[in-house]
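Listed below, chain by chain, are the residues.
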Amino acid sequence: MKIKNLESKYPFSISFFQNNNLNVEGYEEITFEQYLNHFTEEEIEEWAIDIEKLKDDFVAYINEMLEFLGIVEDDNIESLTIVAGKNKYGERENFETLTIRKSEIVSIVGPTGSGKSRLLADIEWAANNDTPTGRTILINGEIPDKKWRFSSSNKLVAQLSQNMNFVMDLTVREFIELHAKSRMVEKEEEVIRRIIDAANNLAGEQFNLDTPITSLSGGQSRALMIADTAILSTSPIVLIDEIENAGIDRKKALNLLVNEEKIVLMATHDPILALMADKRIVIKNGGIDKIIETNNEEKGMLAELEKMDEIISTLRANLRKGEILKKIN
């Protein structure tokens, strides 16, 4: 990669050049290695230049900055595989492996306390037979790199929890800008507009870029975070815990995430969400008891459930407006 391309892709590389007294001006059309090799033996001796060390230090610096900023260089993550472990009684789970591919949606169902959150945690931390369940998580069919497992920036997985509370004194615009700048995105204004438009498409009540994030309702906060995760986050896997309690348009939320080619897993008690998924994992006694493919008959039931849900949503909206409720045919 030419130096000009390095500076464009990794703007922080300029600081490395400056801190190491490397004047690359006029050398933008050659590679960093070629630049280092242009020094004469006299210059190397006079300035105590260690070319091999500079190469290694530069690579380490780029990787450390990417780690700090939470940027995934290799986003070619096509699949997530869960390898069976055991339930809370030590019994083997009722499957061998489950592979989930990009743009697929999988729901996780089961009674409260059955172990849905434990499964999400195993995925979030890329378990390697080192959690209470003994499960192993594979990425693209292989054990994940340690930088994904132990990254403080949690690059592999974005998790949206039930409770979403902001404490920073920022406007919505400032919040999105902060995230956009940390990702060094191009066309920042365009990305900000996409996120606010997508969030308002999900939220029941509209808000704008000047709204303080601390004044957002629960539904608005969740809508903002889902839109931000879908559009701006580099995390290829999204874990959602009970999206039905968010006060947002859940179908639009899932479609948004899938359209951005995320792997989506959601713990839910909502039959509509469960049937919207390509398949569902049934949790029992802390382990995976069944894996059920959503069949055509269930898809037919989903259409009926969505009609019922639309009626309930209309009645709820009318109730909020203070209208007298009337029967809807």
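Located above this text is the structure these notes cover.
The following refers to the structure shown. Since the structure is predicted, the reported quantities are computational estimates derived from the model, not experimental observations.

### Here we look at the side chain of D270
- When you line up the elements, D270 lands in the loop between β7 (263-267) and α12 (271-276).
- A distance of 2.8 Å separates the side chain of D270 from the backbone nitrogen of I272, its partner in a polar contact.

### What about the layout of surface pockets?
- Here the largest pocket is characterised by a volume of approximately 1000 Å³.
- In terms of lining, the largest pocket is formed by 31 residues, of which the most central are I248, D249, D309, S313 and R316.
- When contributions to the lining of the largest pocket are tallied by element, the ones reaching two or more residues are α9 (188-202), α10 (218-231), α11 (250-259), α12 and α13 (296-320).
- Ranked by residue count, the leading element in the lining of the largest pocket is α13, at 10 residues.
- Considered class by class, the residues forming the lining of the largest pocket number 10 nonpolar, 8 polar and 13 charged.

### Regarding the sheet that holds strand β2 (residues 97-101)
- The sheet built from 3 strands is open, its strands ordered β2-β1-β4 with antiparallel pairing. Looking at which strands have only one partner, the edges of the open sheet turn out to be β2 and β4 (136-139). In this sheet, adjacent strand axes meet at a mean angle of 20° when their direction is disregarded.
- For strand β1 (residues 79-83) and β2, the ladder comprises 5 bridges, and the chain directions are antiparallel. Within β2, the residue paired with T81 across the bridge is T99.

### A closer look at the packing of helix α8 (residues 172-183) against α9
- Taken N-terminus to C-terminus, the directions of α8 and α9 make an angle of 125°; their axes are 10 Å apart at the nearest point. Relative to α9, the element α8 lies oblique. In this structure, α8 crosses over α9, and the sense of that crossing is right-handed. In this structure, α8 contributes V172, R173, I176, E177, A180 and K181 to the contact, and α9 contributes E188, E189, I192, I195 and I196.
- Broken down by class, the residue content of the contact of α8 with α9 amounts to 6 nonpolar, no polar and 5 charged.

### A word on the sheet that holds strand β3 (residues 105-109)
- Taken in spatial order, the 6 strands line up as β5-β6-β7-β3-β8-β9 in an open sheet, and their pairing is mixed. Sheet topology places β5 (157-160) and β9 (287-293) at the edges, where each strand pairs with a single neighbour. For this sheet, the mean inter-axis angle between neighbouring strands, taken without regard to orientation, is 20°.
- On top of the sheet, α10 reaches β5 and β6 (237-241); it is set at about 165° to β5, its chief contact.

Here is what the cut-offs are and how they apply
- All residue numbers refer to positions counted from 1 along the written sequence of the respective chain.
- Owing to the predicted nature of the model, reporting of local features is limited to residues with pLDDT of at least 70; listing and counting of side-chain atom pairs is limited to 80 or more, with chain, interface and lining totals taken over all residues.
- Here the side-chain values reflect all heavy atoms present in the structure, with hydrogen atoms and water set aside.
- Strands are runs of DSSP state E lasting at least 2 residues, helices are runs of H or I lasting at least 4, and numbering of each runs from the N terminus.
- Polar contact is defined as a pair of N or O atoms within 3.5 Å, subject to the rule that within protein one atom must be able to donate a hydrogen and the other to accept it, and that residues adjacent in sequence are counted only when both atoms are side-chain atoms.
- We place a 1 Å grid over just the protein atoms. Points where a 1.4 Å probe fits but has no way out form a cavity, open points with protein on both sides within 12 Å along at least 5 of 7 lines form a pocket, and any residue with an atom within 4 Å of a point lines it.
- Grid points are joined across faces, edges and corners, and a volume is the space filled by probe spheres set on the points.
- Here the term charged refers only to Asp, Glu, Lys and Arg, the term nonpolar to Ala, Val, Leu, Ile, Met, Phe, Trp, Tyr, Cys and Pro, and the term polar to all other amino acids, Gly among them.
- A pair of strands is considered paired only if DSSP assigns at least 2 bridges between the two.
- Throughout, an axis means a line fitted to C-alpha atoms (over the contacting stretch in the case of helices), and angles, computed between N-to-C directions, take values from 0 to 180 degrees.
- An angle below 35 degrees is treated as roughly parallel, one above 145 as roughly antiparallel, one from 65 to 115 as roughly perpendicular, and anything else as oblique.
- Put simply, a crossing is left-handed when the front helix is turned counterclockwise from the back one by less than a right angle, and right-handed when it is turned clockwise.
- In what follows, a contact means two residues having at least one pair of non-hydrogen atoms within 4.5 Å.

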